[in-house]
Amino acid sequence: MATSNDLLIKQRSVIEFLAAEGCSAANIHARMKTVYSEMCISDCAVRKWVRIFQGEDLRETILRDRKRSDRPLSASYTPHREKVDCMIRAN
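The protein chain appears in an unreviewed UniProt entry as Transposase from Plakobranchus ocellatus.

## Things to note about the overall build of the protein chain
A tally of regular secondary structure across the protein chain gives four helices and zero strands. Looking at the protein chain residue by residue over its 91 residues, the buried ones come to 24%. At a minimum sequence separation of 6, the contacts of the protein chain that also span at least 24 residues come to 48%. Total accessible area on the protein chain is roughly 7,300 Å²; 55% of this is exposed by carbon and sulfur atoms.

## Quick word on the packing of aromatic side chains
Under the counting rule described, the total for this entry stands at one aromatic pair. Taking the centre distance of 5.4 Å and the plane angle of 35 degrees together, the rings of Trp49 and Phe53 count as tilted. Taken as a pair, Trp49 and Phe53 lie in helix α3 (residues 43-54) at a separation of four residues, close to a single helical turn. Note on Trp49: relative accessible area 9%, which makes it buried. Phe53 sits in the buried class, given a relative accessible area of 4%.

## Examining the confidence of the model for the protein chain
Put simply, the protein chain has an average pLDDT of 81, and 73% of its residues get 70 or more. Mean pLDDT values for the elements of the protein chain range from 79 in helix α4 (residues 78-90) up to 95 in helix α2 (residues 25-36).

## A few points about the pattern of salt bridges
Counted by the stated rule, this structure contains one salt bridge. A salt bridge links Asp43 to Arg47; the nearest nitrogen and oxygen atoms lie 2.9 Å apart. Here Arg47 and Asp43 lie together in helix α3, a separation of four residues that amounts to about one turn.

## Re the packing of α2 against α3
Relative to each other, α2 and α3 sit at 130 degrees, their axes nearing to 9 Å. In terms of their interaxial angle, α2 and α3 are classed as oblique. In the packing of α2 onto α3, the handedness of the crossing is right-handed. Residues Ala25, Ala26, Ile28, His29 and Met32 of α2 lie in contact with α3, whose contacting residues are Asp43, Val46, Arg47 and Val50. Tallied by class, the residues present in the contact of α2 with α3 amount to six nonpolar, one polar and two charged.

What counts and what doesn't
Residue numbers run consecutively from 1 along every chain, following the written order of its sequence. Where totals are concerned, whole chains, interfaces and linings use all residues; where local detail is concerned, this predicted model gives features only for residues with pLDDT of at least 70, and gives and counts side-chain atom pairs only at 80 or more. Each side-chain value is derived from all of the structure's non-hydrogen atoms; neither hydrogens nor water enter the calculation. In DSSP terms, a helix is any run of H or I states spanning at least four residues, a strand is any run of E spanning at least two, and both are numbered starting from the N terminus. Classification of residues uses two cut-offs on accessible area relative to the type maximum, computed with a 1.4 Å probe and protein chains only: under 20% is buried, over 50% is exposed, and between them is partly exposed. Any two residues whose heavy atoms approach within 4.5 Å at even a single point are treated as in contact. For the area figures, the Shrake-Rupley method with a 1.4 Å probe applies, and any residue is considered shielded solely by the protein chains shown. Ring pairs shown here join Phe, Tyr and Trp side chains whose ring centres sit within 6.5 Å, with only the six-membered ring taken for Trp; geometry is labelled stacked below 30 degrees between planes, edge-to-face above 60, and tilted in between. pLDDT measures the predictor's confidence residue by residue and takes values from 0 up to 100. In the sections that follow, a salt bridge refers to a side-chain nitrogen of Lys or Arg positioned within 4 Å of a carboxyl oxygen of Asp or Glu. The axes used here are C-alpha line fits, helices contributing only the stretch in contact, and every angle between their N-to-C directions lies in the interval 0 to 180 degrees. Roughly parallel refers to an angle under 35 degrees, roughly antiparallel to one over 145, roughly perpendicular to one between 65 and 115, and oblique to any angle outside these ranges. Note on convention: the crossing is left-handed when the near helix lies turned anticlockwise from the far helix by less than a right angle, right-handed when the turn is clockwise. Each residue is assigned to one of three groups, with Ala, Val, Leu, Ile, Met, Phe, Trp, Tyr, Cys and Pro labelled nonpolar, Asp, Glu, Lys and Arg labelled charged, and all others, Gly among them, labelled polar.

Written out as structure tokens, the structure is:
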């Protein structure tokens, strides 16, 4: 089964292809909505990616999110987890 990240990459590929053909963001989103239904990315996200793909050389397009220096690799922090476990056990 595909992960949500895999699904996002697939949808970005579709957006890249259809944008290269000259389809509008609204048309791309409508077409994707019929295929992906509730798993389809938002209209706003489609417009964002269309703008990105229209400004790039398609041979150099990267579909994955770029790493960010400020973004934590994990939302879990061991000392916090231990404190929460202690609080749960105390009740």
